[in-house]
Amino acid sequence: MNFARFAVRRVAEMAATLLCASFVVFGAMYLAPGNPASFLLSGRSASPEALAAINAQYHLDDPFLVRYLRWLGDIVHGDFGRSITYRTDVSRLLADRLPTTLLLVVMALAVVVVIGLVLGRVAAVRGGGTDSAILVGTTIAVGTPSFVAAVLLQGLFAVHLGWFPSSGSGDGFLDRVWHLTLPAIALALYLIGMLARVTRSAMLEALDSEHVTVARSRGVPERQVIRRHVFRNSLGTVLTTGGLIVSTLLVCTILVETAFSIGGIGQLLELSTSTKDFPTVQAISLIIVALFMIVNLIVDLLLPLVDPRITLGARSSSV
């Protein structure tokens, strides 16, 4: 199978999976107790005419499949509906909050990649006490949930030392980066430990391979052996883990944004879920699922390019 056919097939599979996911996202909200009409009425009694007007406005009386197809058609045209809580278009809410979440994810990903790869490489190459110290540190990191890290960092660096803001997302790019520094570290801590351990294991496995032994026997400098033969052959495993890391970041933003009161889609999802804001919850859930699938698609397309030993479609067929 050539790369072009493989890419087209993976895109088609992603589209079909996303369509199924959209059906699940739409239907899951209607399995929860309560309904949007009762929230709009805020517990007040309403005349049959007023209740009928609410049901007509949000199409709550239409059959389920009709509502789903209308919702799906509107999404294709960029219309995510109107928020029940905020009384505005969901697309406007997403446009205001999505950039903050994406910046937070990018900052956290940068921290994870830089520190995780460095720690994993140092642990594998140096061994001994350095390896043991890094293993202990990464074990602690992996055992620290994001919301716990958020509370600890917020209490120490924001409240006690006053080095960083304790809440909010800031105004302007530089101020926003400053506000998101602590949340990005809290979001990255667990994943730093995971990536470091995966990198270490992949490099140790590569160090024991036959071609590394041959390269050393031929007098190739150790630094060149590590760079060309060990680290490069570990990139496939590291890249696969990277896809999981990005997906985890997208999900864990809900906890971190809530802890730091960041106006992103994570906090918006938490608030919308508690108020039964169906259109907003459905839109954010579908966006998270779509981003998850796009990340996995990118990983699948990059793997054969990074590691020629991987045959096209091998990863997808095994999942």
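Residues numbered from 1 in each chain as written. Predicted model: local features only at pLDDT ≥ 70, side-chain atom pairs only at ≥ 80, totals over all residues. Heavy atoms only, no water.

**Quick look at the packing of helix α10 (residues 222-259) against helix α12 (residues 278-306)**
It is the contact of α10 with α12, at a shortest axis distance of 10 Å, that shows an interaxial angle of 170°. Relative to α12, the element α10 lies roughly antiparallel. Contacts between α10 and α12 involve Leu 235, Gly 236, Leu 239, Thr 240, Gly 243, Val 246, Ser 247 and Leu 250 from the former and Leu 291, Phe 292, Val 295, Asn 296, Val 299, Leu 302, Leu 303 and Val 306 from the latter. Residue classes in the contact of α10 with α12 are distributed as 11 nonpolar, five polar and no charged. (Axes fitted to C-alpha atoms, helices over the stretch in contact; angles between N-to-C directions. Helix = DSSP H or I, 4+ residues; strand = E, 2+ residues; numbered from the N terminus. Parallel < 35°, antiparallel > 145°, perpendicular 65-115°, else oblique. Contact = heavy atoms within 4.5 Å. Nonpolar A, V, L, I, M, F, W, Y, C, P; charged D, E, K, R; others polar.)

**Notes on the nonpolar core**
Ranked by size, the top nonpolar core spans 28 residues in total, and within it Val 112, Leu 187, Ile 245, Leu 249 and Phe 260 carry the most contacts. Of all the secondary structure elements, the ones that give two or more residues to this core are α5 (90-126), α7 (146-160), α8 (173-207) and α10. Discounting chain neighbours no more than four positions away, the residues touching Leu 187 are Leu 104, Ala 108, Ser 146, Leu 249, Cys 252, Thr 253 and Val 256. By size, the runner-up hydrophobic cluster in this structure holds 20 residues, among which are Met 29, Tyr 68, Leu 94 and Ile 288. (Core = buried A, V, L, I, M, F, W, Y, C linked by side-chain atoms within 4.5 Å. Buried < 20%, exposed > 50% of the residue type's maximum accessible area, 1.4 Å probe, protein only.)

**Describing the packing of helix α9 (residues 210-217) against α10**
Axis separation between α9 and α10 bottoms out at 10 Å; the angle between their running directions is 165°. Classified by the angle their axes make, α9 and α10 are roughly antiparallel. Judged by the twist between their axes, the crossing of α9 over α10 is right-handed. Taken together, the residues of α10 that come into contact with α9 (itself represented by His 211, Val 212, Ala 215 and Arg 216) are Glu 222, Val 225, His 229, Val 230 and Asn 233. Split into classes, the residues belonging to the contact of α9 with α10 amount to four nonpolar, three polar and two charged. (Left-handed = near helix turned anticlockwise from the far one by under 90°.)

**A word on the packing of aromatic side chains**
Under the defined criterion, the tally for this structure stands at seven aromatic pairs. An angle of 35° between the planes, with centres 5.1 Å apart, marks the rings of Phe 26 and Trp 71 as tilted. Highlighted residues: Phe 26 in helix α1 (residues 3-29) and Trp 71 in helix α4 (residues 64-76), separated in sequence by 45 residues. Take Phe 26: its relative accessible area is 3%, and that puts it in the buried class. Seen from their ring centres, Phe 157 and Trp 163 are 5.7 Å apart, and the 40° between their planes marks the pair as tilted. Classification of Phe 157 by relative accessible area gives partly exposed; the value is 22%. Through a chain of ring-to-ring contacts, the aromatic side chains of Phe 23, Phe 26, Phe 64, Tyr 68 and Trp 71 assemble into a single cluster. (Phe/Tyr/Trp six-rings, centres within 6.5 Å; stacked < 30°, edge-to-face > 60°.)

**Section: α4**
At 3.6 residues per turn, the α-helix brings residues three or four places apart onto the same side. Between the first and last C-alpha of α4 there are 18 Å, a value that for 13 residues agrees with the 18 Å anticipated at 1.5 Å per step. Listed in full, the buried residues belonging to α4 are Arg 67, Tyr 68, Trp 71, Leu 72 and Ile 75. For α4, the buried positions fall inside an angular range of 130° around the axis, keeping them on one side. Residues of α4 that are exposed and angled more than 90 degrees away from the buried face: Leu 69 and Val 76. Where α4 is buried, its residues meet α1 and α12. Once α4 finishes, Gly 78 follows within two positions and takes phi at roughly 85°, a positive value. (Expected span 1.5 Å × (residues − 1). Arc of directions from axis to C-beta.)

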